[in-house]
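Take a look at the letters that make up each chain.
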Amino acid sequence: MAIEEIIRLSEVTKRYPMGETEFTALKNINLAFHKGEFAGLVGPSGSGKTTLLNIMGSLDVPTTGEAVVLGQHISKLSHKASAELRNRHLGFIFQVFNLLPVYTVYENVEFALLLQNMPAQERKKTVYEALDWVGLTALAHKKPDKLSGGEGQRVAIARAMVKRPAILLADEPTANLDAANAHLILQTMKRLNDELKTTFIFSTHDEKVMGYLGRIIHLRDGCIELDETIKNKPLQR
Amino acid sequence: MLRDKNRSLLPVLIVAIGVALTVFLSGYLRGVMDDVTDINARFETGHVKIMTRSYAENKDQLPVDLAILGVDSLRNSLKKQFPEMAWESRMRFGGILDVPDASRNSRGQGPVLGMALDFLTPRTKEPERMNIPNAMVRGRMPQRLGEILVGEDFAQKLKIKMGDQVTHFGSTMSGSLSFKNFVVTGTVRFGMAAMDRGTILVDIRDAQTMLDMPDGTSEILGYATESAYQDAQMQSIATMFNALQNPQDEFAPVMQTLKQQNNLGELIDYSAKMSGFYVFIFVMAMAVVLWNTGLLGGVRRYKEFGIRLALGEFKGHMYRSLLLESVVVGVVGSVIGLFIGLSGVYYLQAYGLDISGMMENSAMLIPSVIRAKITPDLFVIGFIPGLLATTLGAMLSGIGIFKRQTASLFKELEV
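This structure is a prediction, so every number in the text was calculated from the model and none was measured.

Rules used in this analysis
Residues numbered from 1 in each chain as written. Chains lettered and ligands numbered in written order. Predicted model: local features only at pLDDT ≥ 70, side-chain atom pairs only at ≥ 80, totals over all residues. Heavy atoms only, no water. Helix = DSSP H or I, 4+ residues; strand = E, 2+ residues; numbered from the N terminus. Expected span 1.5 Å × (residues − 1). Contact = heavy atoms within 4.5 Å. Polar contact = N/O pair within 3.5 Å; in protein donor to acceptor, adjacent residues only side chain to side chain. 1 Å grid on protein atoms, 1.4 Å probe; cavity = no way out; pocket = protein on both sides within 12 Å on 5 of 7 lines; lining within 4 Å. Points joined across faces, edges and corners; volume = space filled by probe spheres on them. Domains from an automatic or database assignment. Core = buried A, V, L, I, M, F, W, Y, C linked by side-chain atoms within 4.5 Å. Buried < 20%, exposed > 50% of the residue type's maximum accessible area, 1.4 Å probe, protein only. Bend = angle between axes of the 7 residues up to and from the residue. Salt bridge = Lys/Arg side-chain N within 4 Å of Asp/Glu carboxyl O.

What follows concerns helix α6 (residues 179-196) of chain A. Residues and elements named next belong to chain A. Over its 18 residues, α6 runs 25 Å from end to end, which matches the ideal 26 Å to within 8%, given 1.5 Å per residue. Along its buried surface, α6 packs onto β3 (38-42), β6 (90-93), α4 (120-133), α5 (149-161), β8 (199-204) and α7 (207-210). Looking at where α6 begins, the residue whose side-chain oxygen comes 3.3 Å from the main-chain nitrogen of alanine 180 is aspartate 178. In the segment just after α6, lysine 197 is the residue with positive phi, at about 60 degrees.

Taking a probe equal in size to a water molecule and rolling it over the atoms shows the remaining empty space. Residues and elements named next belong to chain B. The volume enclosed by the largest pocket comes to roughly 810 Å³. Listed by contribution, the elements that provide at least two residues to the lining of the largest pocket are α1 (9-45), α4 (126-129), β11 (219-224) and α10 (264-300). Split by domain, the lining of the largest pocket shows at least three residues from each of two domains, domain 1 (9-38 + 266-412) and domain 2 (48-228).

Below, the discussion takes up the nonpolar core. Grouped together as the largest cluster of nonpolar side chains are 50 residues, with contacts concentrated most on Val109(A), Leu131(A), Ile157(A), Met189(A), Phe200(A) and Phe202(A). Excluding residues that lie within four positions of it along the chain, Phe200(A) makes contacts with Glu37(A), Phe38(A), Ala39(A), Met161(A), Leu168(A), Met189(A), Leu192(A) and Asn193(A).

Next up on the list: helix α14 (residues 383-403) of chain B. The end-to-end C-alpha distance of α14(B) is 31 Å, a good match for the 30 Å that 21 residues give at a rise of 1.5 Å each. The sharpest bend along α14(B) measures roughly 25 degrees and falls at Leu396(B).

This part is about the pattern of salt bridges. Under the counting rule described, the total for this entry stands at 32 salt bridges over all chains. One salt bridge in this structure joins Arg220(A) and Glu225(A), with 3.0 Å as the shortest N-O distance. Note that Arg205(B) is salt-bridged to Asp203(B), the shortest N-O span being 2.7 Å. What makes Asp203(B) buried here is its relative accessible area of 1%.

Moving on, we come to the environment of Val105(A). Residue and element names in this part refer to chain A. Tracing the sequence through the fold places valine 105 in helix α3 (residues 105-114). Placed 29 residues apart in sequence, valine 105 and valine 134 show a C-alpha to C-alpha distance of 12 Å. Beyond its immediate chain neighbours, meaning those up to four positions away, valine 105 contacts Leu131, Leu139, Ala140, Lys142, Leu147 and Val155.

This is the structure:
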């Protein structure tokens, strides 16, 4: 059975104005991701990793070329439609956990569902399910400032996963974590990838992350240098 | 929102303070102006006043020789033409009051400003209108002709006792010297420098006899019986009355409204404009403060807005939620401010602020105790700056949401 293609980038180029000249962040990128992939964009700073995440996350549009995410042409989406796409189908995890400090863990996770107008009972059940995935049910009513770094990033994962997105985009998710917590987070994400078939796409240059990836796309100067699929690679511990 | 004090407590406090100040200031100005209007109407101007054209032009000199004659028939026709008004004759006159000793020689004398009004007609409202029962310090009000009330300070200076006989020296309407004896039945103190300086009060009939003008009076004052001063209504009455008079006759009666006398119109209009101006200034000042608070909050909440955008919230939805927050802040702040402001107004209405020390040498008819006044519009007026400023502040500061580029969210949220 063919695996469903959920992202297709065709000849994607992204240029930014830089004074009187232009900086080309991505050059003619051709790339596809399929459902359930656990992939990473790897490369030095300025190689175009974040720009690529932005376009796949419907946060930016290509200057030329075509980006189709879940069947929707990113360039043609209105602000409202791209917000709707993010709200329903895309999850984001940032290097810094970016939890809202005045809300509890529960409320931080619930926030994404409030935007979907989910009924209260269903919302409560879904939030506790997401907290259970990351093992934080007991901390549901704690404020973010009472959490450790690892716990904070697990809340961020729960917040991104609670709406069961098709695609989860993570920008350097382990950069602020120690090795033990980084592995714990990555194991959690891999487990969710296996169980929910969510496509995970990382931007990283963390060796620990690379140890978990099933596909690594090497970027340099806005171009794909190497797109390698890693088969049966044992997980690093 | 409630848990974030910078989003709730701080703006609510700012709004509450602004609204409290607006309400208090409006109540204070309203109270002062209403008191000034009311006192002037009661003591001096009436809601309308009728004088001869010549008297009106020289009224500061109290020219009794330019008084209105044929008062009884004029008052009767006024009562028929304007039944909604009460018409009262008043007279002002100058003179000297002499206080004799036991051997009938002069013990002391001083210049006095006389006011004649109707003390003796059954059910007369004039003493109450002039607040005389409350102003009585010693004795009683005149109950028959030949009795007089004297200012308390003047009485003390000349050591006047109740029952003493005093003599008023003045001039009649035709310019002859006039003398009349009175029995002092009481003393008064109005608490207004302009009214307490050498004041004597006698019945209008005594004044007419003394000044040799049996059917004359210097002024006829009109008061609306069912309401306070309403300028439009009084203007209409004055216009109707004056239209029937001969403009060429210098002794023809002329009617002036309260606002047309003693520059009160300018004072009242100025006060109304200042009141509106203060409210406007408060709205603008608070809008700027709340705009800044909103901007600071926006900077502080920059990350939150970024997260919300990344999570897929619409910019319009976010902007509307900001406005809704501002409306809640505006309403809560306004209610608190209203309560504080009204409390202040109530205190100043009940207890007043004694400024008699500042009014000792003032000739203006201004109350010596300043009182604010709670009026129905005060319950609304605070919400104008309260809601307007918060909403305006939020609208201005929230524009930043629409300028936010989602393309830079990953970079912005890394720090």
